[in-house]
Amino acid sequence: MARFSEDALTEAVIARMDKCDNPRLKQIMAATVRHLHALAREVKLTEAEWFQAIQFLTATGQKCDDKRQEFILLSDTLGLSMMVDAINHARPGSETESTVLGPFFVEGAPDLEMGANIAPHAKGGAPTLVSGKVSDGSGRPVAGALLDVWQAGPDGFYDVQKPDAGMDLRARFRTGTDGKYHFRTVKPVSYPVPTDGPVGQMLLKLGRHPYRPAHLHFIVSAPGHEPLTTHLFVKGDGYLDSDAVFGVKDSLIVDFKPGAKPGEFTCEYDFVLKAA
Ligand code: BEZ
Ligand code: FE
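Residues numbered from 1 in each chain as written. Chains lettered and ligands numbered in written order. Predicted model: local features only at pLDDT ≥ 70, side-chain atom pairs only at ≥ 80, totals over all residues. Heavy atoms only, no water.

Some details on the sheet that holds strand 7 (residues 215-221)
Strand order in the open sheet formed by five strands is 3-2-7-8-9, and the pairing between neighbours is mixed. Across the chains shown, the open sheet's two edge strands, defined by having one partner strand only, are strand 3 (170-174) and strand 9 (253-254). Bridge analysis of strand 8 (residues 228-234) against strand 9 gives two bridges, and the strand direction is parallel. Directly across from F233, in strand 9, lies its bridge partner I253. (Pairing = 2+ DSSP bridges. Helix = DSSP H or I, 4+ residues; strand = E, 2+ residues; numbered from the N terminus.)

This is the structure:
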């Protein structure tokens, strides 16, 4: 009967992957085992604590359905999503920086005419005109770029968080030959990430607040360019320095300036895409 020391056990588990014919899977799983074992050793994990962790992960999975993604929320609040972003999307040049996707993106948002209002049902938000252009790294306008945009309403909730709301506060726009875009909406507000699940409990126990600074979400894509997943944050928001998901980058903070009428705002931002 084999007996393993703490160190030998780690290597024995990794050795069992010898016949794996997918080198990348093997690399990732070996590193996962190494880091998990190291974590257990570092904190001298007790059986009760590990069982508590298993219960937490079980509850996280059980909270997920076709509209709720608690694992994305966990990844985001632990900073893992932004770590993966930092590793994969370094943009030292003029290209627009990326940030988290978040759990509220929905495929198949309606294709609207340029200039349309994406917030026709919003109650109480400040009317806002969002505009700018999409260009490549050399400053050339990108024609036919698809802007997928979504946001929370003035109540701080996304459509998918409300029963039977249907698609709201989200749309897709396509640029013309000038690369320009504009649409109407309401000024975004800061809001808490969902706290009614295990991740909310985790934040509470860790003494962390759940708020995200006000933002608009975008995925900007065009043939020949890397798709860009990003936000525009509202300058002056009180949570810019303590975003619950660590998604803020200075270059994505925009001054929402007073608009044509009192109480209205404009947000101007030019997206620069990276060549694929
Ligand atoms: C969001 O901005 O929609 C979001 C991102 C990460 C976690 C929760 C919400
Ligand atoms: Fe959001």
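What follows picks up the thread again.
Things to note about the site of ligand 1
What surrounds ligand 1 is the set L73, D76, G102, P103, F104, Y158, Y191, V193, R212, H215, H217 and V245. Here an oxygen atom of ligand 1 and a side-chain polar atom of R212 are 2.6 Å apart. For the shell around ligand 1, the secondary structure elements donating two or more residues are helix 4 (70-77) and strand 7. Looking at the shell around ligand 1, its residues break down into seven nonpolar, three polar and two charged. (Near = heavy atom within 4 Å. Polar contact = N/O pair within 3.5 Å; in protein donor to acceptor, adjacent residues only side chain to side chain. Nonpolar A, V, L, I, M, F, W, Y, C, P; charged D, E, K, R; others polar.)

Topic: the domain arrangement of the chain
Structurally, the chain comprises domain 1 (6-45) and domain 2 (70-273). When each unit is reduced to the centre of its C-alpha atoms, the spacing between domain 1 and domain 2 is 38 Å. (Domains from an automatic or database assignment.)

Quick notes on the packing of helix 1 (residues 6-15) against helix 2 (residues 23-43)
Put simply, helix 1 and helix 2 touch, their axes get as near as 9 Å, and they point 160° apart. Between helix 1 and helix 2, the angle falls in the class roughly antiparallel. In this structure, the crossing between helix 1 and helix 2 has a hand that is right-handed. In contact with E6, D7, L9, T10, E11, V13 and I14 of helix 1, helix 2 contributes A30, V33, R34, H37 and R41. (Axes fitted to C-alpha atoms, helices over the stretch in contact; angles between N-to-C directions. Parallel < 35°, antiparallel > 145°, perpendicular 65-115°, else oblique. Left-handed = near helix turned anticlockwise from the far one by under 90°. Contact = heavy atoms within 4.5 Å.)

A closer look at the coordination of the iron ion (ligand 2)
Protein ligation of the iron ion (ligand 2) involves Y158 (OH), Y191 (OH), H215 (NE2) and H217 (NE2), the donor distances falling in the range 1.8 to 2.1 Å. One chain supplies every donor for the iron ion (ligand 2), spaced along it as Y-x32-Y-x23-H-x1-H. With Y191 in strand 5 (residues 191-192) and H215 in strand 7, this residue pair connects regions lying 24 residues apart in the sequence. Neither residue differs from the other here; Y191 and H215 are each classed as buried. (Donors = N, O, S within 2.8 Å, 3.2 Å for Na, K, Ca; no water. Buried < 20%, exposed > 50% of the residue type's maximum accessible area, 1.4 Å probe, protein only.)

Section: the environment of K261
On the secondary structure map, K261 appears in the loop between strand 10 (257-258) and strand 11 (265-268). Exposure remark for K261: the relative accessible area of 53% places this residue in the exposed category. For K261 and P127, which are 134 residues apart along the polypeptide, the C-alpha to C-alpha distance reads 9.4 Å.

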